Every structure is written in C-alpha cells, then in structure tokens.
Amino acid sequence: MKFFIDTANLNEIKEANAMGILDGVTTNPSLMAKEGITGPSNILQHYRDICSIVDGPVSAEVIATEYEGMIREGEELAALHKNIVVKIPMIIEGIKALRYFSNKGIKTNCTLIFSAGQALLAAKAGATFISPFVGRLDDISTDGLALIEQIRTIYDNYAFETEILAASVRHPMHIVHCAEIGADVMTGPLNAIKALAKHPLTDIGLQQFLADFDKGNK
Ligand code: G3P
C-alpha cells in the first residue's frame, strides 16, 4: 500500500519524507489556499518545491471546468516535473480530459469520487488514480469505506489498472481499514500517519526497558 500525504505544507511533507515511508503527495486548491499559496506563478513554483522534496507522484489540480481549459492547465502542470499527476474533477468534461491525457501517457488523478459509477467511468477513461473521499462520505452518514470495497470488487472483476487512492482519510483506523480492503494508495494528513505508530503499551514498555537499563548500569 502506498502512503501519500495530503497537504501543501512543505514542513509536513519534509517530516513525512524523513520518516522514509512517503510515496507521494496530493494537494487541492483548498490545501494550497490554507498555506497562503495564491496566484499562478506561486502555485506552479510550490508544485516544483514539493517535487524537489519527494520522489514520487505529486497530484496538482486543474481549476478549469471545461475541456479546453483542463487540457491547457494540465499540460502546463505536467510540464513542470516528471512526477506531476494532473488532478481532474469527476465531471463529464473531466472524463474527456482523462481520456486525452491517458492517450498522451500523462498521469491523472480523478478527484471528487463519491460513487462506484463515477469510479467505473474514470477507469474506463484511463485514469491512473481515482480519489474516493472516505471522510466526506462518513460526514454525511454514508459508509466511505464500503465505497472503497465496492470499487475494489469492480476493478478486480475487470482487471482495471486504475489505482484506488483512498482520500479524505482522517484518522489512523481509516488507514488500517483501507489496507484491509486493498486500497492501492491512501492519502491523509501527517497526524493520521504518525498516529499509526502510537500505542500506550509501546510507551510503557519502552519506559520500563530504559528504567531497567539505568538500574543495571548504575
Ligand atoms: O484528498 C482529499 C482531501 O484533501 C479532502 O479531505 O478532510 O477535506 O475531506 P477532507
């Protein structure tokens, strides 16, 4: 299972990368705005900065919602660095853009996936990744993990190569359940990734080992 970090914060990306477990980065316009990154040239430079930290796929989202605009923006983003993945929303114009980029060998991430039908369309259009939003489905009392399971079954039925990138992951158990179901990738915040390492018995056990070492080495 690949681990992506879902942030535009360079310090968090550096911290996750230093742990040695980071496979890639996802961003979106909200995450860029949260870091105060605005204006086309600053946004493009920020993607370059992210690519210089992590050696893996970096999703960069188009803002246009019509086909020609998506193609124009996507090509500009893809030209920034070999690891850029063009992130495209699940709308009809987006499906056409997915097919265009797939035919050109440019990697894509189809975002804002909330149903199995959308996931099926994106795979048919040749998306490299799809991003079903687990947490946002949970927020409206719908089982986000059940969607991941349903998509896994559909993709396996037909050997679709599109990777299921579980997004809007909010906590460590989302990550563990996604791994059980067989999501290819998860993207989540740094605190959810770090929380996987925590266990009170680990802390108690370590304290005890260190105390016993001190006793024996006085
Ligand atoms: O990867 C999608 C993600 O950024 C959305 O997460 O927590 O805003 O639902 P969230």
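Not measured: the values here are computed from a predicted model.

Some words on the sheet that holds strand E4 (residues 84-89)
The strands making up a sheet are joined through hydrogen bonds of the backbone, oriented either antiparallel or parallel. Read around the closed barrel, eight strands run E1-E2-E3-E4-E5-E6-E7-E8, paired in parallel fashion. Across the sheet, the axes of successive neighbouring strands diverge by a mean angle of 30°, strand direction being ignored. Sheet topology places strand E7 (residues 163-166) next to strand E8 (residues 185-188); two bridges connect them, and they run parallel. Of the residues in E8, the one forming a bridge with Ala166 is Met186. Across the face of the sheet, helix H4 (residues 67-78) comes into contact with strand E3 (58-61) and E4 while running at roughly 160° to E4. Its contacts with the sheet place helix H6 (residues 116-124) against strand E5 (108-113) and strand E6 (129-132), and it is angled at close to 165° to E5.

Side note on the packing of aromatic side chains
Applying the stated rule across the entire model yields six aromatic pairs. Pairing Tyr67 with Tyr100 gives two aromatic rings, centres 6.4 Å apart and planes at 90°, and the pair type is edge-to-face. Of the two residues, Tyr67 sits in helix H4 while Tyr100 sits in helix H5 (residues 92-104), which places them 33 residues apart along the sequence. The partly exposed category is assigned to Tyr100, whose relative accessible area is 24%. When the ring of Tyr158 is compared with that of Phe160, the centres are 6.2 Å apart and the planes differ by 50°; the resulting orientation is tilted. Ring pairs connect the aromatic residues Tyr67, Tyr100 and Phe101, which therefore count as one cluster.

Some words on helix H3 (residues 40-53)
The terminal C-alpha atoms of H3 lie 21 Å apart, and with 14 residues this matches the ideal 20 Å at 1.5 Å per residue to within 8%. Every buried residue of H3 is listed here: Leu44, His46, Tyr47, Ile50, Cys51 and Ile53. Taken together, the buried residues of H3 touch helix H1 (10-18), strand E2 (24-26), helix H2 (29-34), E3, H4 and E4.

Describing the environment of Leu31
By secondary structure assignment, the location of Leu31 is in helix H2. Through-space distance from the C-alpha of Leu31 to that of Asp6 is 8.2 Å; in sequence the pair is 25 residues apart. The residues touching Leu31, leaving out its near neighbours within four places in the chain, are Asp6, Thr7, Ala8 and Thr26.

What about the packing of helix H8 (residues 144-158) against helix H9 (residues 172-181)?
For the pair H8 and H9, the least separation of the axes is 10 Å and the interaxial angle reads 20°. In this view, H8 runs roughly parallel relative to H9, as classed from their interaxial angle. Seen along the crossing, H8 lies across H9 with a hand that is right-handed. Here Leu145, Ile148, Glu149 and Arg152 of H8 lie close against H9, whose contacting residues are His174, His177, Cys178 and Ile181. Within the contact of H8 with H9, the residues separate by chemical class into four nonpolar, two polar and two charged.

Structural notes on the side chain of His46
Inspection of the secondary structure puts His46 in helix H3. What His46 contacts, discounting residues up to four positions off in sequence, is Ala8, Leu10, Met32 and Ile37.

A few points about the pattern of salt bridges
For the structure on display, the rule yields eleven salt bridges. Between Asp55 and Lys82 there is a salt bridge, with its nearest N and O atoms 3.9 Å apart. Linking Asp55 in the loop between H3 and E3 with Lys82 in the loop between H4 and E4, this pair joins segments that are 27 residues apart in sequence. Side by side, Asp55 and Lys82 carry an identical accessibility label, which is exposed. In the salt-bridge network here, residues are joined through shared partners; they are Arg152, Asp156 and Asp184.

About the thresholds
For every chain, the first residue of its written sequence is number 1, and the numbers climb from 1 along that sequence. Confidence filtering applies because this is a predicted model: local features only for residues at pLDDT of at least 70, side-chain atom pairs given and counted only at 80 or more, and all residues used for totals across whole chains, interfaces and linings. Only hydrogens and water are set aside; all other atoms, that is, all heavy atoms of the structure, feed into the side-chain values. In this analysis, strands are considered paired if DSSP registers two or more bridges between them. For the purposes of this entry, the term helix denotes a DSSP run of H or I that reaches at least four residues, the term strand denotes a run of E that reaches at least two, and both are numbered from the N terminus. Geometry is summarised by axes, namely lines fitted to C-alpha atoms with helices restricted to the contacting stretch, and by angles between N-to-C directions that run from 0 to 180 degrees. Whether two residues touch is decided by their heavy atoms; if any such pair falls within 4.5 Å, the residues are in contact. Stacked, tilted and edge-to-face pairs are distinguished by plane angle, under 30 degrees for stacked and over 60 for edge-to-face with tilted covering the rest, among Phe, Tyr and Trp rings (Trp via its six-membered ring) whose centres lie within 6.5 Å. Each residue is placed in one exposure class: buried if its accessible area under a 1.4 Å probe, protein chains only, is under 20% of its type's maximum, exposed if it is over 50%, and partly exposed if it falls in between. To estimate the expected span of a helix, subtract one from its residue number and multiply by 1.5 Å. Put simply, angles under 35 degrees are roughly parallel, angles over 145 are roughly antiparallel, angles from 65 to 115 are roughly perpendicular, and the rest are oblique. Two helices crossing with the near one rotated counterclockwise from the far one by less than a right angle form a left-handed crossing, whereas a clockwise rotation gives a right-handed crossing. Each residue receives one of three labels: charged for Asp, Glu, Lys and Arg, nonpolar for Ala, Val, Leu, Ile, Met, Phe, Trp, Tyr, Cys and Pro, and polar for the others, Gly being one of them. One speaks of a salt bridge when a side-chain nitrogen belonging to Lys or Arg is within 4 Å of a carboxyl oxygen belonging to Asp or Glu.

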